[in-house]
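Chain by chain, the residues run as shown.
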Amino acid sequence: MGMDVYGKSGAYFRRNVWGWHPLADLVCRLAPELTAKCKDWSTNEGYGLGARDSKKLAQILRAKLADGTIADFVARRDARLTAMPDETCRYCNGTGRRGDPDATCNACDGAGKQRPSATWYRLSVADAEEFASFLESCGGFQIC
Ligand SMILES: [Zn+2]
(Lines give C-alpha, C1' and ligand atoms only; values in the text may rest on other atoms or scores of the structure.)
Protein backbone atom coordinates (compact mmCIF):
# COMPACT_ATOMS: atom_id res chain seq x y z
CA MET A 1 0.00 0.00 0.00
CA GLY A 2 1.17 3.50 -0.77
CA MET A 3 0.21 7.11 -0.99
CA ASP A 4 -0.20 8.71 -4.40
CA VAL A 5 0.03 12.48 -4.45
CA TYR A 6 -1.46 13.95 -7.61
CA GLY A 7 -0.61 17.48 -8.70
CA LYS A 8 -3.18 19.51 -10.63
CA SER A 9 -0.42 20.22 -13.15
CA GLY A 10 0.06 16.48 -13.77
CA ALA A 11 3.06 16.23 -11.42
CA TYR A 12 3.11 13.04 -9.35
CA PHE A 13 4.73 12.01 -6.07
CA ARG A 14 4.54 8.63 -4.42
CA ARG A 15 5.75 6.95 -1.25
CA ASN A 16 4.82 3.66 0.39
CA VAL A 17 3.28 4.01 3.85
CA TRP A 18 6.68 3.55 5.52
CA GLY A 19 8.05 6.54 3.65
CA TRP A 20 4.99 8.78 3.49
CA HIS A 21 4.08 9.02 7.18
CA PRO A 22 7.45 10.34 8.42
CA LEU A 23 7.60 12.81 5.52
CA ALA A 24 4.07 14.07 6.24
CA ASP A 25 4.99 14.31 9.93
CA LEU A 26 8.08 16.37 9.03
CA VAL A 27 6.21 18.92 6.87
CA CYS A 28 3.45 19.23 9.49
CA ARG A 29 6.03 19.98 12.19
CA LEU A 30 7.86 22.52 10.03
CA ALA A 31 4.75 24.40 8.89
CA PRO A 32 1.89 23.61 11.31
CA GLU A 33 -0.44 26.46 10.31
CA LEU A 34 -0.02 26.00 6.59
CA THR A 35 -0.25 22.21 6.64
CA ALA A 36 -3.39 22.36 8.83
CA LYS A 37 -5.21 23.54 5.68
CA CYS A 38 -4.90 19.95 4.42
CA LYS A 39 -7.54 18.16 6.47
CA ASP A 40 -5.69 14.84 6.72
CA TRP A 41 -2.13 13.94 5.67
CA SER A 42 -2.35 10.32 6.77
CA THR A 43 -5.20 8.99 4.66
CA ASN A 44 -5.60 8.65 0.91
CA GLU A 45 -9.02 10.25 0.77
CA GLY A 46 -8.08 13.08 -1.54
CA TYR A 47 -7.24 15.91 0.85
CA GLY A 48 -4.52 18.34 -0.17
CA LEU A 49 -3.43 21.94 -0.59
CA GLY A 50 -4.11 24.55 -3.25
CA ALA A 51 -1.57 25.98 -5.65
CA ARG A 52 -0.54 28.98 -3.55
CA ASP A 53 -0.16 26.97 -0.33
CA SER A 54 1.83 24.29 -2.15
CA LYS A 55 4.29 26.96 -3.32
CA LYS A 56 4.52 28.39 0.19
CA LEU A 57 5.17 24.94 1.65
CA ALA A 58 7.88 24.36 -0.99
CA GLN A 59 9.56 27.63 0.03
CA ILE A 60 9.51 26.60 3.70
CA LEU A 61 10.99 23.19 2.85
CA ARG A 62 13.71 24.78 0.68
CA ALA A 63 14.62 27.18 3.49
CA LYS A 64 14.76 24.36 6.07
CA LEU A 65 16.85 22.25 3.68
CA ALA A 66 19.24 25.14 3.09
CA ASP A 67 19.77 26.00 6.76
CA GLY A 68 20.29 22.37 7.82
CA THR A 69 17.12 22.07 9.92
CA ILE A 70 15.90 19.04 7.98
CA ALA A 71 19.30 17.32 7.92
CA ASP A 72 19.51 17.81 11.68
CA PHE A 73 15.97 16.47 12.18
CA VAL A 74 16.73 13.37 10.07
CA ALA A 75 20.05 12.73 11.87
CA ARG A 76 18.45 12.97 15.29
CA ARG A 77 15.54 10.79 14.20
CA ASP A 78 17.94 8.15 12.82
CA ALA A 79 20.01 8.20 16.03
CA ARG A 80 16.91 7.78 18.18
CA LEU A 81 15.66 4.85 16.07
CA THR A 82 19.08 3.16 15.96
CA ALA A 83 19.29 3.36 19.76
CA MET A 84 15.95 1.57 20.21
CA PRO A 85 16.55 -1.99 21.45
CA ASP A 86 15.25 -5.03 19.57
CA GLU A 87 11.84 -6.26 20.62
CA THR A 88 10.71 -9.81 21.21
CA CYS A 89 9.33 -11.16 17.96
CA ARG A 90 5.55 -10.86 18.17
CA TYR A 91 4.99 -13.78 15.80
CA CYS A 92 6.91 -16.44 17.74
CA ASN A 93 7.03 -14.75 21.18
CA GLY A 94 10.82 -14.94 21.07
CA THR A 95 11.09 -18.68 20.52
CA GLY A 96 12.38 -18.39 16.95
CA ARG A 97 9.95 -21.19 16.01
CA ARG A 98 6.56 -20.82 14.44
CA GLY A 99 3.76 -23.14 13.32
CA ASP A 100 5.33 -26.54 12.86
CA PRO A 101 7.54 -27.04 15.98
CA ASP A 102 10.60 -27.53 13.80
CA ALA A 103 9.90 -24.56 11.50
CA THR A 104 12.03 -21.44 11.82
CA CYS A 105 9.98 -18.28 12.40
CA ASN A 106 9.84 -16.50 9.04
CA ALA A 107 9.21 -13.12 10.66
CA CYS A 108 12.50 -13.00 12.61
CA ASP A 109 14.49 -15.71 10.80
CA GLY A 110 14.70 -17.68 14.03
CA ALA A 111 16.35 -14.91 16.03
CA GLY A 112 13.36 -14.44 18.33
CA LYS A 113 13.86 -10.67 18.13
CA GLN A 114 12.88 -7.92 15.71
CA ARG A 115 13.64 -4.26 15.23
CA PRO A 116 10.82 -2.11 16.67
CA SER A 117 8.14 -1.22 14.14
CA ALA A 118 9.03 2.50 14.46
CA THR A 119 12.30 1.73 12.64
CA TRP A 120 10.42 0.51 9.56
CA TYR A 121 9.37 4.11 8.76
CA ARG A 122 12.09 5.78 6.69
CA LEU A 123 12.92 9.43 6.14
CA SER A 124 15.88 10.99 4.33
CA VAL A 125 16.87 14.50 3.32
CA ALA A 126 16.39 13.38 -0.31
CA ASP A 127 12.72 12.63 0.42
CA ALA A 128 12.20 16.24 1.55
CA GLU A 129 14.08 17.56 -1.51
CA GLU A 130 11.96 15.47 -3.85
CA PHE A 131 8.74 16.57 -2.16
CA ALA A 132 9.82 20.24 -2.35
CA SER A 133 10.38 19.84 -6.10
CA PHE A 134 6.95 18.27 -6.46
CA LEU A 135 5.32 21.09 -4.48
CA GLU A 136 7.02 23.73 -6.64
CA SER A 137 5.54 22.29 -9.82
CA CYS A 138 2.29 20.62 -8.71
CA GLY A 139 -0.14 23.55 -8.89
CA GLY A 140 -1.98 22.15 -5.86
CA PHE A 141 -2.32 18.48 -4.92
CA GLN A 142 -4.51 15.70 -3.57
CA ILE A 143 -3.34 12.71 -1.51
CA CYS A 144 -5.00 9.60 -2.90
ZN1 LIG B 1 9.93 -14.76 15.31
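Just so you know, these numbers come straight off a predicted model, no measurement behind them. (Residues numbered from 1 in each chain as written. Predicted model: local features only at pLDDT ≥ 70, side-chain atom pairs only at ≥ 80, totals over all residues.)

Asks: I'm lost on the pairing of strand β2 (residues 12-16) in this one. Help?
Replies: Looking along a regular strand, one sees the side chains alternate between the two faces of the sheet. Of the two faces of β2, the one lined by Phe-13 and Arg-15 is fully buried and the one lined by Tyr-12, Arg-14 and Asn-16 carries no buried residue. Pairing between strand β1 (residues 2-7) and β2: 5 bridges, direction antiparallel. Paired with Met-3 across the strands is Arg-15, a residue of β2. (Buried ≥ 20, exposed ≤ 12 C-beta atoms within 10 Å, placed from the backbone. Helix = DSSP H or I, 4+ residues; strand = E, 2+ residues; numbered from the N terminus. Pairing = 2+ DSSP bridges.)

Asks: Which parts of the structure should I look at to understand the environment of Ala-24?
Replies: Looking at the secondary structure, you find Ala-24 in helix α1 (residues 17-30). Residue class for Ala-24 comes out buried when judged on the 20 C-beta atoms lying within 10 Å of it. Between the C-alpha atoms of Ala-24 and Tyr-91, which are 67 residues apart in sequence, the distance is 29 Å. Not counting residues within four places of it along the chain, the set of residues in contact with Ala-24 comprises Trp-41 and Ser-42. (Contact = placed C-beta atoms within 7 Å.)

Asks: Honestly, the packing of α1 against helix α5 (residues 125-138) in this entry has me stumped. Any pointers?
Replies: Describing two packed helices takes the angle between their axes plus the distance from one axis to the other. α5 packs onto α1 with a crossing angle of 75 degrees between their chain directions and a minimal axis gap of 11 Å. As far as their axial angle goes, α5 and α1 are roughly perpendicular. Residue-level contacts link Gly-19, Leu-23 and Leu-26 of α1 to Asp-127, Ala-128 and Phe-131 of α5. Tallied by class, the residues present in the contact of α1 with α5 amount to 4 nonpolar, 1 polar and 1 charged. (Axes fitted to C-alpha atoms, helices over the stretch in contact; angles between N-to-C directions. Parallel < 35°, antiparallel > 145°, perpendicular 65-115°, else oblique. Nonpolar A, V, L, I, M, F, W, Y, C, P; charged D, E, K, R; others polar.)

Asks: Even after reading the chapter, I still don't get the environment of Arg-122, so can you show me in this structure?
Replies: By secondary structure assignment, the location of Arg-122 is in the loop between β5 (113-114) and α5. In this structure, the C-alpha to C-alpha distance between Arg-122 and Lys-8, residues 114 residues apart in sequence, is 27 Å. Leaving out residues up to four positions away in the same chain, Arg-122 has contacts with Trp-18, Gly-19 and Pro-22.

Asks: Would you mind showing me how to read the nonpolar core here?
Replies: The nonpolar side chains of a soluble globular protein tend to be buried, and buried together. Leu-23, Val-27, Leu-61, Ala-128, Phe-131 and Leu-135 are the most contacted members of the largest nonpolar core, which totals 21 residues. If you list the elements that add at least two residues to this core, you get β1, α1, α3 (51-66), α5 and β6 (141-143). If we ignore the near neighbours within four places in the chain, the residues touching Phe-131 are Phe-13, Leu-23 and Leu-61. (Core = buried A, V, L, I, M, F, W, Y, C linked by C-beta atoms within 7 Å.)

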